[in-house]
Amino acid sequence: MENKWIYINEITTLHADDDGVCLSNEYNSITIDPYTLVDWLPNIIEVAFQQKEKRDKEKIEELKNVVNERV
């Protein structure tokens with residue numbers, strides 16, 4: 001079986017059924033079985049929080065720069 005890659009920012013559809021969670025983009029479709037998804041969720045959540053924290057810090061720096069330009 002060939003490995004398929006779907007990057008999170010390329011997901012166009014997401015649905016769940018008894019087989020698991022199906023992620024797809026215009027090129028690939030993969031189904032993650034429920035047991036694997038449960039195993040992966042802690043890592044997915046950790047990465048999501050890290051990315052959110054990084055984005056929040058970048059946004060704060062942008063806002064600081066805007067404020068400093070106006071002062």
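Structure: above.
Calculation rules
- Each chain has its residues counted from 1, following the order in which its sequence is written.
- Confidence filtering applies because this is a predicted model: local features only for residues at pLDDT of at least 70, side-chain atom pairs given and counted only at 80 or more, and all residues used for totals across whole chains, interfaces and linings.
- Calculated side-chain values reflect all of the structure's heavy atoms, with hydrogen atoms and water omitted.
- Where helices and strands are cited, they refer to DSSP runs of H or I of at least four residues and of E of at least two residues respectively, numbered from the N terminus.
- Only C-alpha atoms enter the radius of gyration; for comparison, a globular chain is expected to reach 2.2 Å times N to the power 0.38, where N is the number of residues.
- Burial classes follow relative accessibility: with a 1.4 Å probe on protein chains only, a residue under 20% of its type's maximum area counts as buried, one over 50% as exposed, and anything between as partly exposed.
- Contacts: residue pairs with any heavy atoms within 4.5 Å of one another.
- Areas reported here follow the Shrake-Rupley algorithm with a probe of radius 1.4 Å; residue values treat only the protein chains shown as occluding.
- In this tally, Asp and Glu contribute negative charge and Lys and Arg positive charge; neither His nor the terminal groups of the chain are included.
- Lys charges are placed at NZ, Arg charges at CZ, Asp charges at CG and Glu charges at CD.
- When DSSP finds two or more bridges between two strands, those strands count as paired.
- Structural elements are reduced to axes, namely lines fitted to C-alpha atoms, with helices fitted over the stretch in contact, and the angle between N-to-C directions of any two is expressed from 0 to 180 degrees.

Draft legend 1. Structural detail: the overall build of the protein. A count of helices and strands for the protein gives one helix and three strands. For the protein, the N- to C-terminal ordering of α and β elements is β-β-β-α. Radius of gyration (C-alpha) of the protein: 18 Å, far over the 11 Å computed for a compact globule of 71 residues. Summarising its shape, the C-alpha atoms of the protein cover approximately 60 × 25 × 20 Å along the three principal directions. Across the 71 residues that make up the protein, the buried fraction comes to 11%. In the protein, once contacts between residues fewer than 6 apart in sequence are set aside, the share between residues at least 24 apart is 9%. About 6,700 Å² of surface is accessible on the protein, with carbon and sulfur atoms providing 56% of the total. Separation of charge centres in the protein, based on 8 positive and 15 negative side chains, amounts to 13 Å.

Draft legend 2. Seen up close, the sheet that holds strand 3 (residues 29–32). Spatially, 1-2-3 is the arrangement adopted by the three strands of the open sheet, whose pairing is antiparallel. Both edges of this open sheet fall to strand 1 (13–17) and strand 3, since each of them pairs with a single strand only. Taken pair by pair, the neighbouring strands of this sheet meet at an average axis angle of 20°, ignoring direction. In this structure, strand 1 lies alongside strand 2 (residues 20–24), joined through five bridges in antiparallel fashion. Paired with D17 across the bridge in strand 2 is G20.

Draft legend 3. Fine view of the pairing of strand 3. The sheet contact formed by strand 2 and strand 3 spans four bridges and is antiparallel. Across the sheet, S24 pairs through a bridge with S29, a residue of strand 3. From the end of strand 2 to the start of strand 3, which pair antiparallel, there are four residues.

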